[in-house]
Structure formats: C-alpha cells, structure tokens
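What the coordinates show
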Amino acid sequence: MSGQYFVYIMAGHARTLYTGMINNIERRVVQHKWKAVPGFTSKYNINQLVHLESFDEVAHAIAREKQIKSWSRAKKIALIESGNPEWQDLASHLGPDHSQPVPPIDLHDDSDPD
C-alpha cells in the first residue's frame, strides 16, 4: 500500500514523549493539541510536535515507529535534538490553523470519522 505516512514524536511541557504513526499528520496534531482523543497524550498534555519523518510505504513507517518506541528515552531525546535542538513546535510548519478545536472522538463509535 502506497501513500504518505508519518512517524512523529510529540512532547509536553515536562518533556513527556509520545511516538506515533499516522497517514494524516495535520489532523492527528490537531487531535493531540485539542485533546480530542482520550488517553495518554491528553492526560499528560502532550501537544507539541517535536520530531517528524515521512515515508512512502506504510511498512517502513510501522518499522520505524517500532524502532523508535524500543529506544531509551535518552536516544529519543538525541534524535529530537539532532533535528530540533530548541524543541520548537513543528506543527506551525504543517499549514492548517491549530487554533480551532475539534470535537472529541468517541472511541466506542465504530463509524469512520472521514
């Protein structure tokens, strides 16, 4: 399956980290920023995109996500700081306006939100 897939690392103000993989990074960043998905990132206020990689093949993105998730915290921090030493929020480079809230996602709803 081809397309564009993203492996990303989000961080909170306390530098708590979350690594994920998605095919629509703009939508996913908005969901993180507005806590639209209940769970770890909303609980710990993880809302800054600090690392982003893109892939043409989903299998490569999945493999990279698993690789990064297996790393120590120190190695993840080194990866972030190699491309983003100031830990700037990279979401501003994505384009859409992240100031508008999105409705919360019902995790018990089996319908496709798209």
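1. Observations regarding the packing of aromatic side chains
On inspection of all chains with the given rule, the structure shows three aromatic pairs. An aromatic cluster is defined as three or more aromatic residues linked by ring pairs; in this entry it consists of Tyr8, Tyr18, Phe40 and Tyr44. Over the face of the ring belonging to Trp87 we find Arg15, whose NZ or CZ atom lies 4.0 Å from the ring centre.

2. Some remarks on the nonpolar core
Among the nonpolar cores identified, the biggest contains 13 residues, and Ile9, Leu17, Val50, Ile68, Ile80 and Trp87 are the most heavily contacted of them. Broken down by secondary-structure element, the contributors of at least two residues to this core are β1 (2–11), β3 (48–57), α3 (58–70) and α4 (73–83). Here this core takes four residues from β1, the largest share from any one element. Excluding residues that lie within four positions of it along the chain, Leu17 makes contacts with Ile9, Met10, Ala11, Phe40, Ile46, Arg73, Lys76, Ile77, Ile80 and Trp87.

3. Focus: the pattern of salt bridges
Within the structure shown, the criterion is met by three salt bridges. Put simply, Lys33 and Asp89 hold a salt bridge, and the shortest N to O gap is 2.5 Å. Here Lys33, found in helix α1 (residues 25–33), pairs with Asp89, found in the segment after α4; they are 56 residues apart in sequence, far enough to count as distant. You can call Lys33 partly exposed: its relative accessible area is 21%. A residue is classified by how much of its surface remains accessible, and Asp89, at 23% relative accessible area, is partly exposed.

So, how was this worked out
- Residues numbered from 1 in each chain as written.
- Predicted model: local features only at pLDDT ≥ 70, side-chain atom pairs only at ≥ 80, totals over all residues.
- Heavy atoms only, no water.
- Phe/Tyr/Trp six-rings, centres within 6.5 Å; stacked < 30°, edge-to-face > 60°.
- Lys NZ or Arg CZ within 6 Å of the ring centre and 35° of its normal.
- Core = buried A, V, L, I, M, F, W, Y, C linked by side-chain atoms within 4.5 Å.
- Buried < 20%, exposed > 50% of the residue type's maximum accessible area, 1.4 Å probe, protein only.
- Helix = DSSP H or I, 4+ residues; strand = E, 2+ residues; numbered from the N terminus.
- Contact = heavy atoms within 4.5 Å.
- Salt bridge = Lys/Arg side-chain N within 4 Å of Asp/Glu carboxyl O.

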